[in-house]
Amino acid sequence: MNEKRHLWLPFLKSDLPENLTTPAQTARAELEQAGIAAKLNLVTDMGESWSVSKDGSEITGGETGVLYGAYRLMMARAAGEALPTGVQTPRYPLRMINCWDNADGDVERGYSGRSLFFEGGKFDYDPARMRQLGRLLASVGINVLCINNVNVRDPAHRLIEDWLPELAKLADIFRAFGVRLMVSIDYAQPIRHGIPTADPLDERVAQWWIEQTKKVYAAVPDLAGYLVKADSESRPGPFTYGRNHAEGANMLARALAPHGGVLVWRCFVYNCQQDWRDAKTDRPMAAYQHYAYLDGQFDKNVILQVKNGPYDFQVREPVSPTLLAMPKTTLAIEFQLAQEYTGHQIDIYAMPPMWREVYADMGADRVQAIAAVSNLGRDGNYTGHPFAAVNLFAYGLFAWNPDETPEHMIALWCRLTYPDMDAASRETLVGLLMNSRAVYEKYTAPLGLCWMVARGVHYGPGPDDYEYDRWGTYHRADRDAVGIDRTANGTGYVLQYPPELRARYETPESCPDELKLFFHRLRYDYVMADGRTLIQRIYDDHFEGYEQAKAMKATLENLPLPSRDREEALERMDRQIKNAREWCDIVNAFFHRFSGAEDAHGRTLY
Ligand code: GCU
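Enquirer: How do you make sense of the site of the ligand when you look at a structure like this?
Expert: As a matter of local geometry, the ligand sits amid 14 residues, with E108, K229, R266, K307 and E340 nearest to it. Within the side chain of K307, an N or O atom sits 2.7 Å from an oxygen atom of the ligand. Protein chains shield 96% of the accessible area of the ligand, which is 320 Å² for the free molecule. For the shell around the ligand, the residue count by class is four nonpolar, two polar and eight charged.

Here you go:
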């Protein structure tokens, strides 16, 4: 599939000229192509902000701001929406996509084809497609693109070494869209250059990074910075040298500071070899334990990037307590658009309702930046499932303004993507997407339990896969009960939360149903607020989830989608139904055999 598709920008009819160098030039070119006569007022100190006059005849903003204004004007016209009035300013200055692309062309956790940037151990991309990607990102206000996997493997090190001229060429393309590149680096990179250590307090190490970073910025003066995964899942890091993560991060940040770059340091640090007999270690507690006490010790240009939940992008997790515990540190929240645990872009899973919930508990001002793992690949439609594009689109809008509602973002995407669809069908599609996460949640691991997914691949059921794996992450189901007690009497995880959330999660009664098994160990005959037992609730959810997946297919079949999207969506829908059925059967069988409980409605349990 290599044909060009415009995703939510169907009003963009053709390719852009190749010689664009600034966002303002791009804005002019786009408006001209769309036949819109709007005047651009470039104001030097407005940066990314913009405003559009009431009649749409003037766009005022900084160099990047006018481009954002132009896209929003075109989108508003295409969707028949009113533009917001007054100056529009992004909530976060850093709105980033993290690609997990490897130099060999493979994408870690990628579900939409091979890398857009690399193949066969080198850069390999279609410049026209890069410009198209630039358009897509800029149209929703995304301004930083980290192009390589956080797990940096040979030869990706060379991105900041002898591949710099090529990195510079790619940066040139994206610069015209106000998108700055970032690269993931290997914390131990100096060791490849004859330095016997990567100890952050060793002068030779610091000096190597200073010198190397000078070369990087000579080639790409506006590089956004470095992204680092250290001491995580066997990646090297400061722990090897008895140093903490502030020492590690600050050393790198000091090499970047003179060039205006930021150091984004990921907090996905936990013991991935926990022995099952060790009941004290509790994986969700790890990030807080490693970072909270360091609050205030990070340099100004360090950003700690924390996953939205304390585990790892599971379908349902509470907000990470680390995000609530570091007021003196610059924080970025990390979401995952790649549907690693949420259906591999086979199953439909629209994320905005989930982001909204996280934000309701966190508050938008707890973080100062936002990142999301990319769901992009070389597939003609970029995202595998045509509907998965809604997540990229909405993410951009949300990163600009987290007060955007899921309904509005999803409805706008539908309108722009399917301009010819009648209003009633569009409403149906919006409803299907809005509900898609709830359906997926029902047929997978119950009530926030997490980790019942097939080991390694993370698609389909594997209720005991991680329970008996060396990579131990446990739910501890037995014949009487399931879950881990994370209250003050248990692992104490709940104590990492501020009082209000702590009180909400502390008892099984106060804890919302959808998180009950995240926080509590409950007997199968535990009676829920609605009078059902826990085991009955598990059965009901799974049967319902499977039925709802089937109903989604009926809905989908009646939607007047363009033929290509229809084919792609229906083919995946059949796989989703199969997946839902497997989850339903296997999870129910798993709990049935442990508990011995029959289904109150006499449905088949295997
Ligand atoms: C998950 C994922 C890995 C990834 C890691 C990360 O564990 O399965 O593939 O490397 O997250 O976020 O670093």
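Enquirer: When you look at the domain arrangement of the protein in this model, what are you seeing that I'm missing?
Expert: Accessible area lost upon the coming together of the parts serves often as the stated size of an interface. The domain architecture assigned to the protein consists of domain 1 (94-417) and domain 2 (446-484 + 521-595). Residue-level contacts link 30 residues of domain 1 with 25 residues of domain 2. Here domain 1 and domain 2 share an interface that buries about 2500 Å² over both sides, 53% of which is from carbon and sulfur atoms. Across the domain 1-domain 2 interface, the total number found is zero salt bridges. At the boundary of domain 1 and domain 2, one finds 18 residue pairs in polar contact (both at pLDDT 80 or more). Here the side of domain 1 that touches domain 2 is composed, by residue class, of ten nonpolar, nine polar and eleven charged.

Enquirer: How should I be thinking about helix α9 (residues 389-400) in this particular structure?
Expert: Note: α-helices contain 3.6 residues per turn, so residues at a spacing of three or four share the same orientation. Taking 1.5 Å of rise per residue, twelve residues should cover 16 Å, and α9 covers 17 Å from first to last C-alpha, within 8% of that figure. Along α9, the residues that are buried comprise A389, V390, N391, L392, F393, A394, Y395, G396, L397, F398, A399 and W400.

Enquirer: Explanation requested: the environment of S595 in the structure shown.
Expert: Mapped onto the fold, S595 is located in helix α15 (residues 563-595). Spatially, the C-alpha atom of S595 lies 8.0 Å from that of D478, the residues being 117 residues apart in sequence. Filtering out sequence-adjacent residues up to four positions away, S595 remains in contact with R479, Y524, I535 and Y539. At 3.1 Å, the side chain of S595 and the backbone nitrogen of A597 are in polar contact.

Enquirer: Can you walk me through the pattern of salt bridges in this structure?
Expert: Between side chains of opposite charge, a pair can form as their charged atoms come close. Inspection of every chain in the model, using the stated rule, returns 45 salt bridges. For R479, the salt bridge goes to D480, with nearest N and O atoms at 3.7 Å. Judged by relative accessible area, which is 33%, D480 ranks as partly exposed. One salt bridge connects R575 with E571, and the closest N-O pair in it is separated by 3.0 Å. Residue R575 and its partner E571 are located together in helix α15, separated by four residues, close to a single helical turn. Judged by relative accessible area, R575 falls into the partly exposed class, the value being 36%. For E571, a relative accessible area of 39% gives the class partly exposed. What emerges from the salt-bridge pattern is a single network uniting D530, R532, D540, D599 and R603.

Enquirer: Which parts of the structure should I look at to understand the side chain of R572?
Expert: Looking at the secondary structure, you find R572 in helix α15. Note on R572: relative accessible area 11%, which makes it buried. A distance of 3.1 Å separates a polar side-chain atom of R572 from the backbone oxygen of Q345. Excluding its chain neighbours within four sequence positions, the residues that come into contact with R572 are Q345, I346, D379, G384 and H385.

Enquirer: Help me out: how do you make sense of helix α8 (residues 352-362) in this one?
Expert: Among all positions in α8, only P352, P353, M354, W355, V358, Y359 and M362 are buried. Looking at the buried side of α8, the elements it contacts are β12 (331-336), β13 (369-373), α9, α10 (406-417) and α11 (423-443). Just downstream of α8, G363 is the residue with a positive phi angle, here 85°.

Enquirer: It is not clear to me how the sheet that holds strand β3 (residues 58-61) should be interpreted in this structure. Could you clarify?
Expert: By way of backbone hydrogen bonds, the strands of a sheet pair with one another, either parallel or antiparallel. If you walk across this open sheet you meet the three strands as β1-β3-β2, and the pairing is mixed. Edge positions in the open sheet fall to β1 (39-42) and β2 (50-52), since each of these has one partner strand only. For this sheet, the mean angle separating the axes of adjacent strands, direction not counted, is 15°. As paired elements, β2 and β3 share three bridges and run antiparallel to each other.

Enquirer: Can you help me understand the side chain of H344 in this one?
Expert: Within the element layout of this structure, H344 appears in the loop between β12 and α8. Not counting the four nearest positions on each side in its chain, H344 is found in contact with Y111, Q339, V457, H458 and Y459.

Enquirer: Just to check I follow, could you spell out the state of the cysteines for this structure?
Expert: Linking two cysteines covalently through their sulfur atoms gives a disulfide. Counting across every chain of the model gives zero disulfides. Just so you know, C146 is unpaired, no disulfide at all, and the nearest cysteine sulfur is the one on C99, 7.3 Å from it. Residue C146 is classed as buried on the basis of its relative accessible area, which comes to 0%. Of all cysteine sulfurs in the structure, the one in C146 sits closest to C267, which takes part in no disulfide; the separation is 16 Å.

Enquirer: How should I be thinking about the sheet that holds β13 in this particular structure?
Expert: Ordered in space as β4-β7-β8-β9-β10-β11-β12-β13, the eight strands form a closed barrel in which the pairing is parallel. Each neighbouring strand pair of the sheet contributes to a mean axis angle of 25°, computed without reference to strand direction. Sheet topology note: the strand β11 (residues 302-307)/β12 ladder contains four bridges and is parallel. Paired with K307 across the two strands is E334, which belongs to β12. Of the strands in this sheet, β8 (180-185), β9 (225-228), β10 (262-266) and β11 are in contact with helix α6 (residues 245-256), which crosses β10 at around 155°.

Conventions and cut-offs
- Residues numbered from 1 in each chain as written.
- Predicted model: local features only at pLDDT ≥ 70, side-chain atom pairs only at ≥ 80, totals over all residues.
- Heavy atoms only, no water.
- Near = heavy atom within 4 Å.
- Polar contact = N/O pair within 3.5 Å; in protein donor to acceptor, adjacent residues only side chain to side chain.
- Areas by Shrake-Rupley, 256 points an atom, 1.4 Å probe, with all protein chains shown as cover.
- Nonpolar A, V, L, I, M, F, W, Y, C, P; charged D, E, K, R; others polar.
- Domains from an automatic or database assignment.
- Contact = heavy atoms within 4.5 Å.
- Buried area = accessible area lost by both parts, 1.4 Å probe.
- Salt bridge = Lys/Arg side-chain N within 4 Å of Asp/Glu carboxyl O.
- Helix = DSSP H or I, 4+ residues; strand = E, 2+ residues; numbered from the N terminus.
- Expected span 1.5 Å × (residues − 1).
- Buried < 20%, exposed > 50% of the residue type's maximum accessible area, 1.4 Å probe, protein only.
- Pairing = 2+ DSSP bridges.
- Axes fitted to C-alpha atoms, helices over the stretch in contact; angles between N-to-C directions.
- Disulfide = S-S within 2.5 Å.

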